[in-house]
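Inside the fold
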Amino acid sequence: GAMARDTFMANMRTVHNVGLDNDVKTGLYIQTVRQDVAFRRPTDAEIRYEMYLSLAFGFKQLSFFTWFTPVNRSEPFSDGIISADGKPNAHYETIKAINHEILAIGETLVKCDALEIYLNGETWGQPSIPEDFFVQPTDQKNYTVSFLRHKETGRNYLMVVNNDFSRKQTVTLAFDKAITSLHEVSRVDGSLKALPMDGQKLTLELAAGDGMLIALPEGYDHYAPADTSDPSADTNLAALPGASVSATTSQGANGYYIDL
């Protein structure tokens, strides 16, 4: 009935740091089975929490301990995702739903590095959100924020995870003035859905242990603050960090057209 959050978080941080420092993918096991004399099977919300927190820490492979319930073992296992006689258990549908969500956002996440991870409220030995971070808390509710950066496009993302796996939370975040729009990466099909903002604030309703992946505006880069000064006439705008060139219509001649 308890969880050693300090060592749990420290372990995830250690693996995250080693993976990031060496540019290798990381993976872990999600506990989904009961070992009758050692540990219980987590609730659906606890399983969701461990899966989404793993994504926030940059893990790329999530395996299950266990998918099928082990049999003929010295340890007394029971109540896996699939029972010993091959039938789905009660939590199978929940696991299937979470897997579909992760598959949808995974096309983006798999190409992102989790570069900064902070906790708000209770931190369990982890760093809290620094004052110069692009998003600031408005209360002391318990959640994790993770800054992710796409390795190919450079686009910035934020993952928010509800650290309370017993109840839902309403989380309000205050964003830097340079961030004027936000989009959720859909957990249905991976598309971008505009999120309503109140000035620079965003309010999220997160179920117990739930998480959300948010895309920051194209061109914004937490690691390359925008230069608001006017460039000189000979500056190649397209070569600037975070530059994005687009057009809605195109007119050209002699074989020269913008690529829409």
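Up top is the structure.
So, here's what we can say about the structure. (Residues numbered from 1 in each chain as written. Predicted model: local features only at pLDDT ≥ 70, side-chain atom pairs only at ≥ 80, totals over all residues. Heavy atoms only, no water.)

1. Structural notes on the environment of Pro76
Counting through the fold element by element, Pro76 comes out in the loop between strand S3 (61–65) and strand S4 (77–78). A residue is classified by how much of its surface remains accessible, and Pro76, at 31% relative accessible area, is partly exposed. Taking C-alpha positions, Pro76 is 37 Å from Ile117, a pair spaced 41 residues apart along the chain. (Helix = DSSP H or I, 4+ residues; strand = E, 2+ residues; numbered from the N terminus. Buried < 20%, exposed > 50% of the residue type's maximum accessible area, 1.4 Å probe, protein only.)

2. Brief notes about helix H1 (residues 5–22)
Note that an α-helix has 3.6 residues per turn; residues three or four places apart therefore point the same way. With 18 residues, H1 ought to run about 26 Å at 1.5 Å a step, and its terminal C-alpha atoms sit 26 Å apart, in line with that. The complete set of buried residues in H1 reads Arg5, Phe8, Met9, Met12, Arg13, His16 and Gly19. Projection of H1 onto a plane perpendicular to its axis shows the buried side chains occupying an angular sector of 135°, all on one side. Along H1, the residues that are exposed and aim more than 90 degrees away from the buried face are Thr7, Asp21 and Asn22. Buried residues in H1 make contact with strand S1 (27–31), helix H2 (44–56) and strand S5 (112–120). Of the residues flanking the end of H1, it is Asp23, one or two places downstream, whose phi is positive at about 55°. (Expected span 1.5 Å × (residues − 1). Arc of directions from axis to C-beta. Contact = heavy atoms within 4.5 Å.)

3. Brief notes about the pairing of S1
The side-chain alternation of S1 yields one buried face, formed by Leu28 and Ile30, and one unburied face, formed by Gly27, Tyr29 and Gln31. By the bridge criterion, five bridges tie S1 to S3 in an arrangement that is parallel. Residue Ile30 lies in a different strand from S3, and its bridge partner there is Phe64. (Pairing = 2+ DSSP bridges.)

4. Description of the pairing of strand S13 (residues 211–215)
Among the five residues of S13, five are classified as buried, and the element is accordingly described as predominantly covered. Every second residue of S13 is oriented toward a common face, with Gly211, Leu213 and Ala215 on one face and Met212 and Ile214 on the other, all of them buried. With five bridges connecting them, strand S8 (residues 156–162) and S13 associate as antiparallel partners. Note that in S13 the partner of Val161 across the bridge is Gly211. Summarising the sheet, strand S10 (residues 182–185) and S13 pair through two bridges and their orientation is antiparallel. Counted as the bridge partner of His183 is Ala215 from S13.

5. Some details on helix H3 (residues 92–109)
Taking 1.5 Å per residue as the helical rise, H3 with its 18 residues ought to reach 26 Å, and the 24 Å between its terminal C-alpha atoms agrees with that figure. Restricting attention to buried positions, one finds in H3 the residues Ile95, Ile98, Glu101, Ile102, Ala104, Ile105, Thr108 and Leu109.

6. Focus: the pattern of salt bridges
Enumeration over the complete set of coordinates arrives at 16 salt bridges. In this structure, Asp23 engages Lys151 in a salt bridge whose closest nitrogen and oxygen atoms are separated by 2.8 Å. Here Asp23, found in the loop between H1 and S1, pairs with Lys151, found in the loop between strand S7 (143–150) and S8; they are 128 residues apart in sequence, far enough to count as distant. We classify Asp23 as exposed; its relative accessible area is 55%. Assessed through its relative accessible area of 49%, Lys151 is described here as partly exposed. Between Asp221 and Arg149 there is a salt bridge whose closest N-O contact spans 2.4 Å. Taken together, the residues span a long stretch of sequence, with Asp221 in the segment after S13 and Arg149 in strand S7 at a distance of 72 residues. With a relative accessible area of 8%, Asp221 lands in the buried category. Residues participating in the shared-partner salt-bridge network are Arg34, Asp36, Arg41, Asp44 and Asp79. (Salt bridge = Lys/Arg side-chain N within 4 Å of Asp/Glu carboxyl O.)

7. A few points about the side chain of Arg13
Position of Arg13 relative to the elements: it lies in helix H1. Nearest to the buried, unbridged Arg13 among oppositely charged side chains is Glu116, at 8.7 Å. Engagement of the side chain of Arg13 in a polar contact is seen with the backbone oxygen of Ile117, the distance being 2.9 Å. Discounting residues that sit within four places of it in the chain, Arg13 has contacts with Phe57, Ile117, Gln126 and Pro127. (Lys, Arg positive; Asp, Glu negative; His and termini not counted. Polar contact = N/O pair within 3.5 Å; in protein donor to acceptor, adjacent residues only side chain to side chain.)

8. Notes on unusual backbone geometry
Cis geometry is adopted by the peptide bond preceding Thr66, which originates at Phe65 and carries an omega value of 0°. Mapped onto the secondary structure, Thr66 falls in the loop between S3 and S4. In the Ramachandran plot, Asn72 falls in the positive-phi region, its phi being about 55° despite a non-glycine side chain. Position of Asn72 relative to the elements: it lies in the loop between S3 and S4. In this structure Asn72 comes out as exposed when scored by relative accessible area, which is 81%. Phi is positive for Asp79, close to 60°, though the residue is something other than glycine. Assignment of secondary structure puts Asp79 in the loop between S4 and H3. Given a relative accessible area of 23%, Asp79 falls into the partly exposed group.

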